[in-house]
Amino acid sequence: MFQFPKGFVWGAATASYQIEGAWDEDGKGESIWDRFSHTPGCVQDGDTGDIACDHYHRWHDDVKLMKDLGLKAYRFSIAWTRVLPEGRGRVNQMGIDFYSQLVDALLAEKIEPWVTLYHWDLPQVLQDEGGWASRMIVDAFVEYTDVVTRALGDRVKNWITLNEPWVSAFVGYRDGRHAPGHTNLNEAIAGSHHLLLSHGRSVPVIRANCANANVGITLNLTPQEPASPSMADRKAATWTDGYINRFFLDPLVGRGYPQDIVNGHGNAMEFIQPGDMEVIAVPVDFVGVNYYTRNIARAENVSEAENEPRTVIRGDEITEMDWEVYPKGLYNILGRLYFDYAFPAIYITENGAAFPDEVDADGQVDDPARLSYIKRHLEMVSQAIHADVPVKGYFVWSLFDNFEWGFGFSKRFGIVHVDYKTQKRTVKSSGRWYSRIIGEVMA
Ligand code: IFM
């Protein structure tokens, strides 16, 4: 059915705060997500990641489950606060040991570890100093990178500096829907720059500590399509493409920040210092893409009657996140990353869907909608590869149902169901299918 090149990486992904639990155990410090979720009203139903999937205590069995699924790679993130509880300075050996043992167990099962250094759980002490909005964070991130890569760089080859910096900056500092819950556009813009600068400064550190490292950054990329051919809708699509996609892609390849977005934000970006843009444009080995859906951009300041009629209509297949299922968008974004931005390699570091799953009377979880979602997106990956786009791997989001940030546990993305009361894991039919596909294409 699909054709994938030899060596294609087949994986699944998670993130520390979403699965680990053990929020204050073994010397771990408080993160912004601990603080945010413990603040009443911030997360749906008052859910927290205090226990989550209890992976911190169950990682051994979880690795066994990955092996049974036939995964070839596992993408997970490090909790900065386990390793450096005060954000910088004192190293917590128990935190290092946890990840070190996990890496050893994965390697023993021939599962390649893919480590994300930052997936949103900033130490609260660093937030108290201004967090990503403050330039001090860059040195702290470089120190953290150095500590982690010195400890794991002898065994971990694949490194992702940041997960979705747009979300960290804009959802956390402008929209207030994520930790730290601020609503300040200027903080979001400064935060974006400091995130990218942290990435750029940490890439050489990773390379120094890890021979033959494969280093990249993961972006959430959402193709933007004008709702009609009108100029107003095209302008709207250009704007949303700019502030979600180009604002991160362009500086990474040395094009600087897109001027339309800088002007539109009305922020002079005076925090940019000489040399910053060169640092950000450090060559990477790959870009990671987290793809879920497209956006259809409709001009807000023009009434429907005055605008041209819509020609691009949202499909009626919608996930529980209210995201349209649109596999073609993945194909389009992959082409753009290669033909326009010329990244040397591309990995899908997340792709998946939330649907309301039920455990049936036989203890099974049948999730045909998720299976179909993954299958159709993989078909797009396969087609992109055949159109010469260098896509090298695919990580389903997510291995487990987990803490979906502001939505708490109400959204299930896993190919493995988690009963949060008993912590029982049940492989869903999508997980069994994915496992079979991996086996077939690897054969
Ligand atoms: O759960 C998140 C993940 O942490 C980052 N990318 C999007 C996923 C689904 O919302």
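Look up: the structure comes first, before these words.
The structure reproduced in this document is the subject of the present report. (Residues numbered from 1 in each chain as written. Predicted model: local features only at pLDDT ≥ 70, side-chain atom pairs only at ≥ 80, totals over all residues. Heavy atoms only, no water.)

## Examining the overall build of the protein chain
On a plain count of helices and strands, the protein chain comes out with 15 helices and 12 strands. On C-alpha atoms alone, the protein chain measures out to a radius of gyration of 21 Å, which is about the 22 Å that the 2.2 N^0.38 rule sets for 443 residues. Reported as C-alpha extents along the three principal axes, the dimensions of the protein chain are approximately 60 × 50 × 45 Å. Of all 443 residues assigned to the protein chain, the portion counted as buried reaches 61%. A separation threshold of at least 6 residues defines the contact pool for the protein chain, and within that pool the share at least 24 residues apart is 77%. Working note: accessible area of the protein chain is about 16,800 Å², and carbon and sulfur atoms make up 51% of it. For the protein chain, the distance from the average site of its 42 positive side-chain charges to the average site of its 60 negative ones is 4 Å. (Helix = DSSP H or I, 4+ residues; strand = E, 2+ residues; numbered from the N terminus. Rg over C-alpha atoms; globule rule 2.2 N^0.38 Å. Buried < 20%, exposed > 50% of the residue type's maximum accessible area, 1.4 Å probe, protein only. Contact = heavy atoms within 4.5 Å. Areas by Shrake-Rupley, 256 points an atom, 1.4 Å probe, with all protein chains shown as cover. Lys, Arg positive; Asp, Glu negative; His and termini not counted. Charge placed at Lys NZ, Arg CZ, Asp CG, Glu CD.)

## A look at the site of the ligand
Near the ligand, the surroundings consist of Gln18, His119, Trp120, Asn163, Glu164, Tyr292, Trp323, Glu350, Trp397, Glu404, Trp405 and Phe413. Within the side chain of Glu164, a nitrogen or oxygen atom sits 2.6 Å from a nitrogen atom of the ligand. Here Trp405 contributes a side-chain N or O atom positioned 2.8 Å from an oxygen atom of the ligand. Protein coverage of the free-state accessible area of the ligand, which is 280 Å², stands at 95%. Its residues assigned to classes, the shell around the ligand shows 6 nonpolar, 3 polar and 3 charged. (Near = heavy atom within 4 Å. Polar contact = N/O pair within 3.5 Å; in protein donor to acceptor, adjacent residues only side chain to side chain. Nonpolar A, V, L, I, M, F, W, Y, C, P; charged D, E, K, R; others polar.)

## A closer look at the pairing of strand β11 (residues 416–419)
Bridge count for β11 against strand β12 (residues 424–427) is 4 bridges, and the pairing is antiparallel. Its bridge partner lying in β12, Val416 is registered against Val427. Linking β11 to β12, which pair antiparallel, is a turn of 4 residues; within it Gln423 sits at a positive phi near 65°. (Pairing = 2+ DSSP bridges.)

## Observations regarding the sheet that holds strand β3 (residues 112–118)
Around the barrel, which closes on itself, the 8 strands sit in the order β1-β2-β3-β4-β5-β7-β9-β10 with parallel pairing between neighbours. The mean angle between the axes of side-by-side strands here comes to 25°, regardless of whether they run parallel or antiparallel. Relative to strand β10 (residues 391–397), strand β9 (residues 346–350) runs parallel, the two sharing 3 bridges. Residue pairing in the sheet places Ile348 in a bridge with Tyr394 of β10. The strands that helix α8 (residues 165–173) touches are β3, β4 (158–163) and β5 (214–220); relative to β5, the one it contacts most, it runs at about 40°. (Axes fitted to C-alpha atoms, helices over the stretch in contact; angles between N-to-C directions.)

## A few points about the packing of aromatic side chains
Scanning the entire structure with this criterion turns up 44 aromatic pairs. Feature note: the residues Tyr17, Trp33, Phe36, Trp120, Phe403, Trp405, Phe409 and Tyr420 constitute an aromatic cluster, connected by ring pairs. Positioned above the aromatic ring of Tyr326, the side-chain terminus of Arg294 is 3.7 Å from the ring centre. Note that Arg425 overlies the ring of Phe400, its terminal NZ or CZ placed 5.0 Å from the centroid. (Phe/Tyr/Trp six-rings, centres within 6.5 Å; stacked < 30°, edge-to-face > 60°. Lys NZ or Arg CZ within 6 Å of the ring centre and 35° of its normal.)

## Description of the nonpolar core
Judged by nonpolar contacts, the single largest core of 140 residues is most densely connected at Trp33, Trp80, Tyr118, Trp159 and Tyr434. Sorting elements by how many residues they give to this core places helix α7 (residues 136–152) first, with 8 residues. Sequence-distant contacts of Trp33, that is, excluding residues within four places in its chain, are made with Tyr17, Val43, Trp120, Asp121, Arg177, His178, Ala179, Phe403, Trp405 and Gly406. (Core = buried A, V, L, I, M, F, W, Y, C linked by side-chain atoms within 4.5 Å.)

## Thoughts on the pattern of salt bridges
One pass over the full model with this rule turns up 35 salt bridges. For Asp401, the salt bridge identified is with Lys428, shortest N-O distance 2.7 Å. Of this pair, Asp401 sits in the loop between β10 and β11 while Lys428 sits in the loop between β12 and α15 (429–442), placing them 27 residues apart in sequence. Like Asp401, the residue Lys428 is buried in the burial classification. Within this structure, Asp357, Asp367, Arg370, Asp401, Arg412 and Lys428 form a network of salt bridges that share partners. (Salt bridge = Lys/Arg side-chain N within 4 Å of Asp/Glu carboxyl O.)

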